[in-house]
Amino acid sequence: ADRQTGAAPAQAAPGFAGQRPVEFTIANYPLTLPSGHPLITVLDPGSPQHQPYREAGLIRIVQALAALNRQGIAIDVGANVGDSCAIIHRLGDLAILCLEASDFFFPYLQANIGRHFDGRAAARQAFVLPAPGSAAGLYHVAGTARLVDQPGTESSAATLSMAQVLAWLDLRMRAAS
């Protein structure tokens with residue numbers, strides 16, 4: 001683990017070689033991100049690429065659910081480094097399941113959850129696909145990863161359908177009660 005941030009060393013994905021873990025504050029939590037992550041520029045008010053309303057939709061949804069005292073589990077598919085997890089944790093009371101397929105981003109997600117959200121959030125490395133057994137690959141670009149139609153070698157993640165994710169959550173909730 002990195003001495004400064006506690007993040008596990010990330011595997012080099014194409015386009016990410018030479019990046020180091022850095023801290024960047026999101027929703028008042030110091031999260032660990034790769035040094036070239038686009039969130040650093042789009043969430044920085046001093047940056048020309050600043051997007052002041054980037055998280056506005058998620059913020060409004062979480063605030064509305066909190067105002068209604070809703071309980072349950074938020075599922076963050078493509079959780080990246082845990083930036084949405086930070087917002088959900090800061091503004092609401094939902095438990096959070098973060099799913100991330102990338103071998104590059106998953107260690108950052110795990111480190112951030114372990115540092116700040118361990119009691120209410122969990123991370124699982126998985127592709128979430130439309131149907132069980134759907135083949136897809138992972139392509140890293142511009143601080144994120146996206147699915148492509150052909151199988152790829154950039155992730156060791158399991159593939160799950162959303163139905164499988166929900167069944168897994170149901171089993172965990174039954175075991176906890």
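Conventions adopted
- Residues numbered from 1 in each chain as written.
- Predicted model: local features only at pLDDT ≥ 70, side-chain atom pairs only at ≥ 80, totals over all residues.
- Heavy atoms only, no water.
- Axes fitted to C-alpha atoms, helices over the stretch in contact; angles between N-to-C directions.
- Helix = DSSP H or I, 4+ residues; strand = E, 2+ residues; numbered from the N terminus.
- Parallel < 35°, antiparallel > 145°, perpendicular 65-115°, else oblique.
- Left-handed = near helix turned anticlockwise from the far one by under 90°.
- Contact = heavy atoms within 4.5 Å.
- Buried < 20%, exposed > 50% of the residue type's maximum accessible area, 1.4 Å probe, protein only.
- Pairing = 2+ DSSP bridges.

Peer 1: Now, about the packing of helix H3 (residues 83–91) against helix H4 (residues 106–117): what can you tell me, with residues and values included?
Peer 2: H4 packs onto H3 with a crossing angle of 15 degrees between their chain directions and a minimal axis gap of 10 Å. Comparing their axes, H4 and H3 come out roughly parallel. Helix-helix and strand crossings are classified by hand; for H3 and H4 the assignment is right-handed. For the pair H3 and H4, contact is made by Cys85, Ala86 and His89 and by Ile113, His116 and Phe117, respectively.

Peer 1: Which residues make up unusual backbone geometry, and what values go with them?
Peer 2: Non-glycine residue Ala27 carries a positive phi angle of around 55 degrees. Among the secondary structure elements, Ala27 is positioned in the loop between strand S1 (21–26) and strand S2 (29–34). Despite not being glycine, Asn28 shows a phi value in the positive range, around 65 degrees. By the secondary structure assignment, Asn28 is in the loop between S1 and S2.

Peer 1: Please set out the pairing of S2 residue by residue, giving values where relevant.
Peer 2: Extensive coverage of S2 is indicated by the burial of five of its six residues. Inspection of the sheet shows S1 paired to S2 by six bridges, in the antiparallel sense. Within the sheet, the bridge partner assigned to Glu23 lies in S2 and is Thr32. Here S1 hands over to S2 after two residues, with Ala27 in that stretch at a positive phi of 55 degrees.

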